[in-house]
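Listed here are the chains, written in short residue letters.
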Amino acid sequence: MPYGDVMATRTRGEERRAEIVRAALEVIAERGYRGASMAAVAERVGLTQQGLLHYFPTKDALLVAVLRERDQWDSVPEGQWRLDLLGSLAEYNSMRPGIVQTFSALLGESVTEGHPAREFFTRRYVAVRASMTQALRAEYGERLPSGLTPERAAPLLVAVMDGLQFQWLLDPGSVDMAAAFRDFLTLLGETGET
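A. Quick look at the environment of Ala42. Checked against the element boundaries, Ala42 lands in helix α2 (residues 38-44). Taking the C-alpha atoms as reference, Ala42 lies 7.7 Å from Ile20; in sequence the two are 22 residues apart.

Pasting the structure below:
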């Protein structure tokens, strides 16, 4: 097969995989991971279930592809997170409730033993805490105004981000996720002295 034909086939295959991942994201957002079926995803993209298995041999493989794709949307070069960018991320997330809902639902499901996304989220949180530690250290040095080290504050920062997402998903009219996160960033800079 000529090189151009190989490249065209590869590109079509990559485009088809991306289409399948987008469809899977929609189905998972609608039904949750456990309620989502390979047949539903295949139908959404106009494939048979057997045709879908050509691209993703298992539901678990498709789930991991969905999670990786979602993370690509929020990625910055390694070690480049800044606190002001985190505020922008909260604002961005408020404009895409379906993505946030899918991520949150999968995160919640992943805490059960044997869930296919458990390892993904475990690794992801190790990396996210490390990135937040670097961002806090870049902003405050070895100690925040409160006296906490960046290592001690990083899990709190991540917990606030995720907790705000859950509150916002449940009651978007009452919780301004971006404003609340900016308020938390203000608290990080407080010394506690009056």
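Once you've had a look at it, read on.
B. Seen up close, the side chain of Thr149. If you trace the backbone, Thr149 turns up in the loop between α7 (118-140) and α8 (150-170). For Thr149, the residues in contact, after removing those within four places along its chain, are Glu142, Arg143 and Leu144.

C. Representation of the nonpolar core in the model. If you look at the biggest cluster of nonpolar residues, it comprises 54 residues, and the most contacted ones within it are Phe121, Leu157 and Phe181. Counting only elements with at least two residues in this core, the list comes to α1 (3-35), α2, α4 (59-73), α5 (83-93), α6 (97-110), α7, α8 and α9 (177-188). The greatest single-element share of this core, amounting to 8 residues, is contributed by α1. Leaving out residues up to four positions away in the same chain, Leu157 has contacts with Leu83, Leu86, Met132, Leu136, Phe181, Phe184, Leu185 and Leu188.

D. View of the pattern of salt bridges. Throughout the structure, instances matching the rule amount to 8 salt bridges. As a salt-bridge pair, Arg16 and Glu19 come within 2.7 Å of each other at their nearest N and O atoms. Of the two residues, Arg16 and Glu19 are both situated in helix α1; the distance of 3 residues between them amounts to about one turn of the helix. Arg16 gets classed as buried once you look at its relative accessible area, which sits at 19%. A salt bridge links Arg137 to Glu142; the shortest N-O distance between them is 2.8 Å. Assessed through its relative accessible area of 27%, Arg137 is described here as partly exposed. Residues joined by salt bridges that share partners form a network here, namely Glu26, Glu30 and Arg44.

E. Spotlight on the packing of aromatic side chains. Enumeration over the complete set of coordinates arrives at 3 aromatic pairs. With centroids separated by 5.4 Å and ring planes inclined at 85°, the aromatic side chains of Phe120 and Phe121 adopt a geometry described as edge-to-face. Per residue, the accessibility class of Phe120 equals that of Phe121, and both read buried. With centroids separated by 6.4 Å and ring planes inclined at 35°, the aromatic side chains of Phe181 and Phe184 adopt a geometry described as tilted. Of the two residues, Phe181 and Phe184 both sit in helix α9, 3 residues apart, roughly one turn of that helix. Note on accessibility: Phe181 and Phe184 belong to one class, buried. Through pairs of rings, three or more aromatic residues link up here, namely Phe103, Phe120 and Phe121.

Cut-offs and rules
- Residues numbered from 1 in each chain as written.
- Predicted model: local features only at pLDDT ≥ 70, side-chain atom pairs only at ≥ 80, totals over all residues.
- Heavy atoms only, no water.
- Helix = DSSP H or I, 4+ residues; strand = E, 2+ residues; numbered from the N terminus.
- Contact = heavy atoms within 4.5 Å.
- Core = buried A, V, L, I, M, F, W, Y, C linked by side-chain atoms within 4.5 Å.
- Buried < 20%, exposed > 50% of the residue type's maximum accessible area, 1.4 Å probe, protein only.
- Salt bridge = Lys/Arg side-chain N within 4 Å of Asp/Glu carboxyl O.
- Phe/Tyr/Trp six-rings, centres within 6.5 Å; stacked < 30°, edge-to-face > 60°.

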